[in-house]
Each structure stands twice: as C-alpha cells, then as structure tokens.
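Structural characterization, general
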Amino acid sequence: MIGAVTRATRLLARAKAGDAASILGALPVPVMLIDPDNRFRHVNQAAEQFLGTSAASLGQMTLQDLIPLDNPIFLLIEQVRNTEATISDHDLDLDSPRLQKRGITVQGSPLPDEPGYVLLVMQDASAARALDRQLAFRGAARSVSGMAAILAHEVKNPLSGIRGAAQLLEASVGPADRELAELIRDEADRIRALVDRMEAFGEKPIARTAVNIHRVLEHVRKLAQTGFAAHVRFHELYDPSLPPVWANRDQLIQVILNLVKNAAEAASREGAAHPEITLSTGFQHGVRVAIPGTTVRMDLPLFVAVRDNGSGIPEDIRPHLFEPFVTSKSTGSGLGLSLVAKIVGDHGGLIEVDSRPGRTEFRLHLPVVTEKDADQ
C-alpha cells in the first residue's frame, strides 16, 4: 500500500490542486502534507480518522501540537528534507495526550518543486500483527484440543473411579480421615473441570444466527452487576444503528462475559477506589481478513470493546496473552483468553488488545449478517 502511495506522490507533482486532493482523498491510508514549518497543509479523510481531528482543525495546527518534538517522526521528516529522498520507519509509537498509536509504519516523501514540503503516509500494522498472533493462538488451541482428547480418554475414567472411592470412604471413616477423603474428591472434581474446559477447544461446527450485539452486551452487564461486578461502575457507548452480528449467541455471551469478568478483576485489583468498565460498539470500515485455509476474505466492520481502568497487563505477558496456560492470576488456569481467541477466530473475527496503566481495552472485530447469510 505504501509503495502505491509513493507512485501516487509522483503524480501529485504533475496534478492540479483539485486533482491532487481527489487522489489523496481516494487513498485508504492516512496521508498528510506538511509544510516547512510542520503545519498541516492537506490531509485526506483517512488521516482525519487516524488523527481523530477534522481537516479544518488540523489546518490550524502543527504536527508538534499532536506529537512531542522528541518523537522519531521529526527526525524522519528532517532526513527527508535534507536528502530529498523517500524514507520509511517502522514500529513507531505516536504517544501524546491527544494521540495514542503504536506500531505505526511511517513513510516520508519530498514533494517535487515544493522545497521543505513532506508528504507523510502512515499505516497502522497492529491489526495485521494481531491477526498473525491469532493464527498462532489457533495453532496452540489445536494443541490443547489434542491434549484434551487424550486426557478425556486416559484420565476421566480412572478419575471417576478415584472420586467414587473417595465418596465411599467418606461414609465409613472417622472425622479426621473424612477430611482427607473430601480433599481427594474435591481435587478429582477440579481436575475433571479442567479437562472439561480444555475439551471446549475442540473443532466443532458453529450454528450461527443474526444476533443483536446490544442485547448480548445488556445480558452480560446484568449478569455481571448481579454477581462478580456488583461494585463496578459501567459505562455504555453504543452505536444504535449497527446491523446484527453473524454469530452464535451463546458463544458470544461466553466471550464477552469472560472479558468483562477479567476487566472487573483488573479494575478492582489492589483496592482501586473507583473500578469502572466501559462497553462500546461501533462501525469501522476497511477491516478485512482472510479466512484461514481458504481464499475467502471477510469484512469485519463491527467492533465491540471492553475497557477497564485497572493497572494494565504486565508487559512480559502481553505478547503471549492468548496462549494456553498463560495468566497473571495466582489462581487462574490461563485458558479463558485462549478460548476467547479461539471462539472469535472460529467466527472469522479478530481480537486486539491495547493496555497501559489505567486503561486496558479488548476490541473484537466481528462479521455482520449479509444477504447470503440471511438466505441460509
């Protein structure tokens, strides 16, 4: 995509002002023209969305109004001006009170016949990286599925015998030994529950229907507020115009309930005074992924986000967050988020996470009902 923009840059030098604006406006990646004083001289619609600011407002601003001067992007701009060559940098973070973007690829190109002007093209690679990680997580989930099949066959039967023997002992021994028999029974139940959870990773067809995402969120919120999140304040930022999701309702509830439960625990950790969870939905154009093993590409225009104000996810865990048996909880099994990633992947969706102290957000990108789906 950035290569295509480079070719478009050459055309801009020969295009009239109106034609140049049309060319930039048609590009799906953020493009902005910076003058010698780093003022915004032109931005396309994708750049407005990327920066979260209208073109009219950006026209009154400089780049340093959005990004601190010590950011590497300013060094890239100066190199472009000094060398009059196209320069790219990857995996940049654009962090400021007004802008939080991570893992951004930035390309700067000189504008012929306009000394000091630089055309900046930015591309957010976070979705692509999230998809790559999700494919890896699916492979790990299949490993868990195979392990579960072995455990179900080799462990469940003898485990039932152990539990039955423990129950018989409870009825025929004294109080001291009865406590040990209860311990054996409880541990057998715990192991069986773990095996049952692992069996959920099996490859089974999904029965899908048109699902109203807001009814699912409302159902999860009520469950949470009458139980584990009774002390948490909820905020709801919904787009009421969203179409139905093409999904399995029960599995979608399981996914969001798991995320909300984790958010409630994170927001309440270390005695936080005001734990909060924000549930939001929206429509986001331009998110497409390939279904693994096929040539089919699926549009994922609808997003659901679960955000908390907890202390954030430890940095060493973030790259492995959705892998089986990875957890920061002292009592967790590390299977909850792995199952979430698998269910979302089975729906052809995508899950992303952005975490820093005071703000962690899990975002699901999901398919909506199409005419083809409705005819099934």
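What counts, and where the lines are drawn
- Residues numbered from 1 in each chain as written.
- Predicted model: local features only at pLDDT ≥ 70, side-chain atom pairs only at ≥ 80, totals over all residues.
- Heavy atoms only, no water.
- Core = buried A, V, L, I, M, F, W, Y, C linked by side-chain atoms within 4.5 Å.
- Buried < 20%, exposed > 50% of the residue type's maximum accessible area, 1.4 Å probe, protein only.
- Helix = DSSP H or I, 4+ residues; strand = E, 2+ residues; numbered from the N terminus.
- Contact = heavy atoms within 4.5 Å.
- Expected span 1.5 Å × (residues − 1).
- Arc of directions from axis to C-beta.
- Pairing = 2+ DSSP bridges.
- Salt bridge = Lys/Arg side-chain N within 4 Å of Asp/Glu carboxyl O.
- Phe/Tyr/Trp six-rings, centres within 6.5 Å; stacked < 30°, edge-to-face > 60°.
- Lys NZ or Arg CZ within 6 Å of the ring centre and 35° of its normal.
- Axes fitted to C-alpha atoms, helices over the stretch in contact; angles between N-to-C directions.
- Parallel < 35°, antiparallel > 145°, perpendicular 65-115°, else oblique.
- Left-handed = near helix turned anticlockwise from the far one by under 90°.
- Nonpolar A, V, L, I, M, F, W, Y, C, P; charged D, E, K, R; others polar.
- pLDDT = per-residue confidence, 0-100.

Here we look at the nonpolar core
Among the nonpolar cores identified, the biggest contains 40 residues, and Ile256, Val260, Ile277 and Leu364 are the most heavily contacted of them. Listed by contribution, the elements that provide at least two residues to this core are helix 9 (213-225), strand 8 (245-247), helix 10 (249-268), strand 9 (276-283), strand 12 (302-308), helix 11 (336-346) and strand 14 (359-366). Sorting elements by how many residues they give to this core places helix 10 first, with eight residues. If sequence neighbours within four positions are ignored, isoleucine 277 has contacts with Val232, Arg233, Phe234, His235, Val260, Ala263, Ala264, Val306, Arg307 and Asp308. Ranked by size, the runner-up nonpolar core spans 26 residues in total, among them Leu66, Ile73, Ile77 and Ile87.

Re helix 5 (residues 72-83)
Given a rise of 1.5 Å per residue, 12 residues ought to cover 16 Å, and the 17 Å separating the end C-alpha atoms of helix 5 matches this to within 8%. Elements that come into contact with the buried residues of helix 5 comprise strand 1 (31-34), strand 3 (87-96), strand 4 (99-110) and strand 5 (118-124). Glutamate 84, located one to two residues past helix 5, shows a positive phi value of around 55°.

Observations concerning helix 7 (residues 156-170)
For helix 7, built from 15 residues, the straight-helix expectation of 21 Å at 1.5 Å per residue is met to within 8% by its first-to-last C-alpha distance of 21 Å. Listed in full, the buried residues belonging to helix 7 are Lys156, Leu159, Ala166 and Glu170. For helix 7, the buried positions fall inside an angular range of 80° around the axis, keeping them on one side. Pointing more than 90 degrees away from the buried face of helix 7 are the exposed residues Asn157 and Leu168.

A closer look at the environment of serine 338
Within the secondary structure, serine 338 is located in helix 11. For serine 338, a relative accessible area of 3% corresponds to the buried category. For serine 338 and glutamate 323, which are 15 residues apart along the polypeptide, the C-alpha to C-alpha distance reads 5.5 Å.

Observations concerning the pairing of strand 3
Sheet analysis places strand 3 next to strand 4, joined by seven bridges and oriented antiparallel. Counterpart to isoleucine 87 in the pairing with strand 4 is glycine 108. Counting the residues between successive antiparallel strands, the hairpin from strand 3 to strand 4 contains two residues.

Digging into the pattern of salt bridges
Applying the stated criterion to the full structure yields 15 salt bridges. The salt bridge involving arginine 185 is made with aspartate 186; its shortest N-O contact spans 3.4 Å. For aspartate 186, a relative accessible area of 39% corresponds to the partly exposed category. A salt bridge links arginine 221 to glutamate 236, with the nearest nitrogen and oxygen atoms 2.9 Å apart. In this pair, arginine 221 sits in helix 9 while glutamate 236 sits in strand 7 (residues 233-237), placing the two residues 15 residues apart along the sequence. Assessed through its relative accessible area of 37%, glutamate 236 is described here as partly exposed.

Details of the packing of aromatic side chains
Counted according to the given criterion, the structure contains zero aromatic pairs. For arginine 363, the ring lying beneath its charged end belongs to phenylalanine 303, and the centroid distance is 4.0 Å.

A few points about the packing of helix 9 against helix 10
Two measures define how a pair of helices packs: the angle their axes make with one another and the distance between the axes. Axis separation between helix 9 and helix 10 bottoms out at 10 Å; the angle between their running directions is 50°. In this view, helix 9 runs oblique relative to helix 10, as classed from their interaxial angle. Handedness of the helix 9/helix 10 crossing: right-handed. Contact with helix 9, carried on its side by Ile213, Val216, Leu217, His219, Val220, Leu223 and Ala224, involves Arg249, Leu252, Ile253, Ile256, Leu257 and Val260 of helix 10 and no other residues of that element. Of the residues assigned to the contact of helix 9 with helix 10, the class counts are 11 nonpolar, one polar and one charged.

Structural notes on the confidence of the model for the protein chain
Confidence in the prediction for the protein chain averages 78 pLDDT; 73% of positions are at 70 or higher. Across the protein chain, the secondary-structure element scoring lowest on mean pLDDT is helix 1 (residues 2-14), at 50, and the one scoring highest is strand 7, at 94. Note that residues 13-18 has pLDDT below 50 and, in this model, three contacts with residues that lie over four places away or in other chains.

Focus: the sheet that holds strand 12
The five strands lie next to each other as 7-9-12-14-13, forming an open sheet whose pairing is mixed. The open sheet has two edge strands with one neighbour each: strand 7 and strand 13 (350-356). Each adjacent strand pair in this sheet contributes to an overall mean axis angle of 15°, direction not counted. On the sheet, helix 11 packs against strand 13 and strand 14 and is oriented at approximately 140° with respect to strand 13.

Some thoughts on unusual backbone geometry
The phi torsion at asparagine 38 lies on the positive side, around 65°, for a residue other than glycine. Topologically, asparagine 38 is positioned in the loop between strand 1 and strand 2 (40-43). By relative accessible area, asparagine 38 is classed as buried at 10%.

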